[in-house]
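Spelled out from the first residue to the last, the chains are:
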Amino acid sequence: SITRSFIGNTAGSALTVGFWCYYNTVSLSTMASAGSNNKALSVTGAQYNTFNQDSMLSPAGYGAWLDLSHYNTISLSTITGNSGIGALVVAGSSSNTVVDSYVQGAHGMYISGSTNTEVHASALLGTGASGVGLKLTGASVGLTVSSTVIRGGPPGIGVLLDAGNLGKLSLASATVTA
């Protein structure tokens, strides 16, 4: 477990949780990265990890990136990044949950090739020019969003659903604007 820590890196990812890392908790901590395409938090091939009351900051990159990772939870956290894809990226992953969190960047949240992603009581804000609040792409299967504000930047798109996604899309008590 990591608690009440500052983890920074000017030349790469601030914190990497890699393959076979299970049941870790990061709480009350700040992860910060600088430089284009760097990640404040990189979770790759990891499962059942919890990120609670954290700040993930990357002014020119990704706030958080979950890749090939399953059953992770981000809660009560702030994620900011200004990559061309999203402040929070979930790729090739399943059953990850974001709850009570604030996600902001040129584009908010980007989900690709993932299954059963859930977002509850959060804000997904794409504040860049033509920003997208939430994008679902890459033959993703199943998405549940509830009690969440989703906003795209002017003249952007609140929610962008690419062709080829499958399964149930549940959007309840959400406010979507652009």
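Each value, and the rule that gives it
Residues numbered from 1 in each chain as written. Predicted model: local features only at pLDDT ≥ 70, side-chain atom pairs only at ≥ 80, totals over all residues. Heavy atoms only, no water. Buried < 20%, exposed > 50% of the residue type's maximum accessible area, 1.4 Å probe, protein only. Helix = DSSP H or I, 4+ residues; strand = E, 2+ residues; numbered from the N terminus. Pairing = 2+ DSSP bridges. Phe/Tyr/Trp six-rings, centres within 6.5 Å; stacked < 30°, edge-to-face > 60°. 1 Å grid on protein atoms, 1.4 Å probe; cavity = no way out; pocket = protein on both sides within 12 Å on 5 of 7 lines; lining within 4 Å. Points joined across faces, edges and corners; volume = space filled by probe spheres on them. Nonpolar A, V, L, I, M, F, W, Y, C, P; charged D, E, K, R; others polar. Patch = residues over 30% accessible without salt bridge, like charges linked within 9 Å, V, L, I, M, F, W, Y side chains within 5 Å. Areas by Shrake-Rupley, 256 points an atom, 1.4 Å probe, with all protein chains shown as cover. Salt bridge = Lys/Arg side-chain N within 4 Å of Asp/Glu carboxyl O. Axes fitted to C-alpha atoms, helices over the stretch in contact; angles between N-to-C directions.

Is there a simple way to explain the pairing of strand β11 (residues 78–81) in this structure?
On any regular strand, side chains alternate: one points to one face of the sheet, the next to the other face. Of the two faces of β11, the one holding Ile79 and Gly81 is buried and the one holding Thr78 and Thr80 is not buried anywhere. When strand β8 (residues 55–58) meets β11, the two strands line up parallel, connected through 4 bridges. What sits directly across from Leu57, in β11, is Thr80. Where β11 lies against strand β14 (residues 102–105), 4 bridges are found, and the strand directions are parallel. Its bridge partner lying in β14, Thr78 is registered against Tyr102.

Would you explain the packing of aromatic side chains in this entry?
Any aromatic ring pair is given by two values, namely how distant the centres are and how the planes are angled relative to each other. In the structure shown here, the tally under the stated rule is 4 aromatic pairs. Residues Trp20 and Tyr22 carry aromatic rings whose centres are separated by 6.3 Å and whose planes lie at 70° to one another, so their mutual orientation is edge-to-face. Exposure remark for Trp20: the relative accessible area of 68% places this residue in the exposed category. Classification of Tyr22 by relative accessible area gives partly exposed; the value is 32%.

Whenever I open this one, empty space enclosed by the protein confuses me. Can you help?
If you walk through the whole model with that rule in mind, you get 1 cavity of 30 Å³ or more. Of the pockets and cavities examined, the largest cavity occupies roughly 30 Å³. Along its surface, the largest cavity is lined by Leu66, Asn72, Ile74, Leu88, Val90, Asn96, Thr97 and Val98. Elements represented by at least two residues in the lining of the largest cavity include exactly β12 (88–91) and β13 (97–99). Among the residues forming the lining of the largest cavity, the class breakdown is 5 nonpolar, 3 polar and no charged.

Please explain the sheet that holds strand β4 (residues 25–27) as it appears in this structure.
Backbone-to-backbone hydrogen bonds join strands into a sheet, with any given pair of strands oriented parallel or antiparallel. Spatial strand order, β1-β4-β7-β10-β13-β16-β19-β22: 8 strands in an open sheet with parallel pairing. Here the strands that pair on one side only, and so sit at the sheet edges, are β1 (2–3) and β22 (166–172). Pairing between strand β7 (residues 50–52) and strand β10 (residues 73–75): 3 bridges, direction parallel. In the strand pairing of β10, Asn52 is matched with Ser75.

What is the right way to read a nonpolar patch on the surface from this model?
Together, Phe19, Trp20, Tyr22, Tyr23, Tyr48, Leu68 and Tyr71 give the surface a local cluster of nonpolar side chains, amounting to about 840 Å² of exposed area. Mapped onto the elements, Phe19 comes out in the loop between β3 (15–17) and β4.

When you look at unusual backbone geometry in this model, what are you seeing that I'm missing?
Note: most peptide bonds trans; most residues except glycine with negative phi. Between Pro154 and Pro155 the backbone carries a cis peptide bond, its omega angle lying at -15°. Note that Pro155 resides in the loop between β20 (149–152) and β21 (157–161). For Trp20, which is not a glycine, the phi torsion comes out positive at approximately 70°. A positive phi angle, close to 70°, is found at Asn37, a residue other than glycine.

Please clarify how the pairing of β12 should be interpreted in this entry.
On β12, burial covers both faces: Leu88 and Val90 on one face and Val89 and Ala91 on the other are all buried. Examined bridge by bridge, strand β9 (residues 62–67) and β12 share 4 bridges and lie parallel to one another. Residue pairing for β12: Trp65 is matched across the bridge by Val89. Pairing geometry for β12 and strand β15 (residues 109–112), over 4 bridges, is parallel.

Can you help me understand the sheet that holds β14 in this one?
Strand order in the open sheet formed by 8 strands is β2-β5-β8-β11-β14-β17-β20-β23, with parallel pairing between adjacent strands. In the strand order of this sheet, the two ends are held by β2 (6–9) and β23 (175–177), each with one partner. Neighbouring strand axes in the sheet, compared pairwise and without regard to direction, differ in orientation by 5° on average. Here strand β17 (residues 123–126) pairs with β20 via 4 bridges, running parallel. Looking at β20, one finds that Leu125 is bridged to Arg151.

By themselves, these figures tell us nothing about what the structure is for.
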